[in-house]
Amino acid sequence: MLMQRLLLLSLAFVASFAADGAEPPRHWELTQTLPAAEAGQAAAADERFVYAITNTKVARYDRRSGERLAVSEGAAEHLNSGFLWNDRLYCAHSNFPKTPEQSEIKVLDLMSMTLTTFHDFGASDGSLTWALHKDDHWWCHFAFYGDDNLRSYLAKFDRDWREVQRWTLPQELIAKLGRFSLSGGVWVGEELLVTGHDDPVVFRLRLPKSERVLEFINAEAAPITGQGIAVDPVTNGLVGIHRQRKEVRFFRLR
């Protein structure tokens, strides 16, 4: 019954975009689940392991057996999305909901399972919710909430952590996020696939040719409850979470 209600909700959510004349949405189907007590903020995966991310910890699970193998050590207050790159897991981290905002990127050594600081933004303009590396740059999303969520933005940094450009979120997307912002994001080709706080939806965005507002493509029903997502190298799909069920979920385009 719960899955049926979730599907109906996501389809209704997506239908609202179709009425606006956006590109017809695709559909993401569930292919695998893995129970994980730490599936509270995000998930990531490589060929052998699954990483479930909660506020203060990252747990590593065996991809085949589902057995929890290790839990991270090291201080963390509010971890968000995880991004696997060069055999390390990079996690957005902030002091949310405290103010003034402080943000950094934490890095998890996959051998020792030690969590340390990779880059400290210090006092930040918004709270960091996801960070990606592409084309020799870091792409970081800083979130605002409540009446200020329209101030959320994507920033592009060079290798010396100089901000070279930033983009705000399109109004079509802000209208659907309620009082929340984006919690997850991944690059797939030249498109950004992003997720909200709790919606069973993947939003597709792309960089504009000239303006400073990201271009909205559409919204697609997905079997997750928002939060952080990552690319799955095994299925070429995505991995995310169902927060209420404490599950890591694998899903791909049908």
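What counts and what doesn't
Residues numbered from 1 in each chain as written. Predicted model: local features only at pLDDT ≥ 70, side-chain atom pairs only at ≥ 80, totals over all residues. Heavy atoms only, no water. Salt bridge = Lys/Arg side-chain N within 4 Å of Asp/Glu carboxyl O. Buried < 20%, exposed > 50% of the residue type's maximum accessible area, 1.4 Å probe, protein only. Core = buried A, V, L, I, M, F, W, Y, C linked by side-chain atoms within 4.5 Å. Contact = heavy atoms within 4.5 Å. Helix = DSSP H or I, 4+ residues; strand = E, 2+ residues; numbered from the N terminus. Pairing = 2+ DSSP bridges. Phe/Tyr/Trp six-rings, centres within 6.5 Å; stacked < 30°, edge-to-face > 60°. Lys NZ or Arg CZ within 6 Å of the ring centre and 35° of its normal. Axes fitted to C-alpha atoms, helices over the stretch in contact; angles between N-to-C directions. Polar contact = N/O pair within 3.5 Å; in protein donor to acceptor, adjacent residues only side chain to side chain.

Enquirer: Would you mind going over the pattern of salt bridges with me for this structure?
Expert: Side-chain pairs of opposite charge can arise whenever the charged atoms involved come near each other. Taken as a whole and judged by the stated rule, the model has 18 salt bridges. For the salt bridge of Asp-158 with Arg-162, the shortest nitrogen-to-oxygen distance reads 2.9 Å. Residue Asp-158 is classed as buried on the basis of its relative accessible area of 12%. Note that Asp-160 is salt-bridged to Arg-162, the shortest N-O span being 3.4 Å. Via salt bridges that share partners, Arg-26, Glu-191, Arg-204 and Glu-220 belong to a single interconnected network.

Enquirer: Help me out: how do you make sense of the nonpolar core in this one?
Expert: Considering soluble globular proteins, one finds that nonpolar side chains tend to be buried as a cluster. Of all hydrophobic cores here, the largest spans 34 residues; its most connected members are Ile-105, Trp-138, Cys-140, Phe-142, Leu-173, Leu-192 and Phe-203. The contacts of Leu-173, once residues within four sequence positions are left out, are Leu-182, Phe-203, Leu-205 and Phe-216.

Enquirer: Help me out: how do you make sense of the pairing of strand β20 (residues 247–253) in this one?
Expert: Residues in a regular strand point their side chains to alternate faces of the sheet. Counted residue by residue, β20 has five buried out of seven residues, so it is predominantly covered. Bridge count between strand β1 (residues 28–35) and β20: seven bridges; the pairing is antiparallel. Looking at β20, one finds that Leu-30 is bridged to Phe-251. Sheet analysis places strand β19 (residues 238–242) next to β20, joined by five bridges and oriented antiparallel.

Enquirer: Would you take a moment to explain the packing of aromatic side chains for this structure?
Expert: The relation between two aromatic rings is expressed through the spacing of the ring centres and the mutual angle of the planes. For the structure on display, the rule yields 17 aromatic pairs. On the basis of an interplanar angle of 20° and a centroid distance of 5.8 Å, the ring pair of Trp-139 and Trp-167 is categorised as stacked. A residue pair is termed long-range when its members are at least 10 positions apart, and Trp-139 in strand β11 (residues 137–143) and Trp-167 in strand β13 (residues 163–168) qualify at 28 residues. Here the two residues Trp-139 and Trp-167 agree in accessibility, since each one is buried. When the ring of Phe-157 is compared with that of Trp-161, the centres are 5.6 Å apart and the planes differ by 50°; the resulting orientation is tilted. Aromatic rings pair up to connect Phe-83, Trp-85, Tyr-90, Phe-118, Phe-121, Trp-138, Phe-142, Tyr-153, Phe-157 and Trp-161 into one cluster. Looking at Arg-151, its charged tip hangs above the ring of Phe-144, at a distance of 4.1 Å from the centre.

Enquirer: Quick question: what am I supposed to make of the sheet that holds strand β15 (residues 191–195) here?
Expert: Strand-to-strand pairing in sheets goes through backbone hydrogen bonds, with the strands running parallel or antiparallel. Within the open sheet, the four strands sit side by side as β14-β15-β16-β17. Their pairing is antiparallel. Each end of this open sheet is capped by a strand with a single partner; those strands are β14 (184–188) and β17 (215–221). Sheet twist, expressed as the average angle between the axes of neighbouring strands with direction ignored, equals 25°. Two strands pair when backbone bridges link them, and β14 and β15 are joined in this way by five bridges, in the antiparallel orientation. Across the sheet, residue Gly-185 finds its bridge partner in β15, namely Val-194.

Enquirer: Please clarify how the side chain of His-137 should be interpreted in this entry.
Expert: By secondary structure assignment, the location of His-137 is in strand β11. Polar side-chain contacts of His-137 include one of 2.8 Å to the backbone oxygen of Asp-135. In this structure, His-137 is in contact with Leu-132, Lys-156, Phe-157, Asp-158 and Val-164, ignoring residues within four places of it in sequence.

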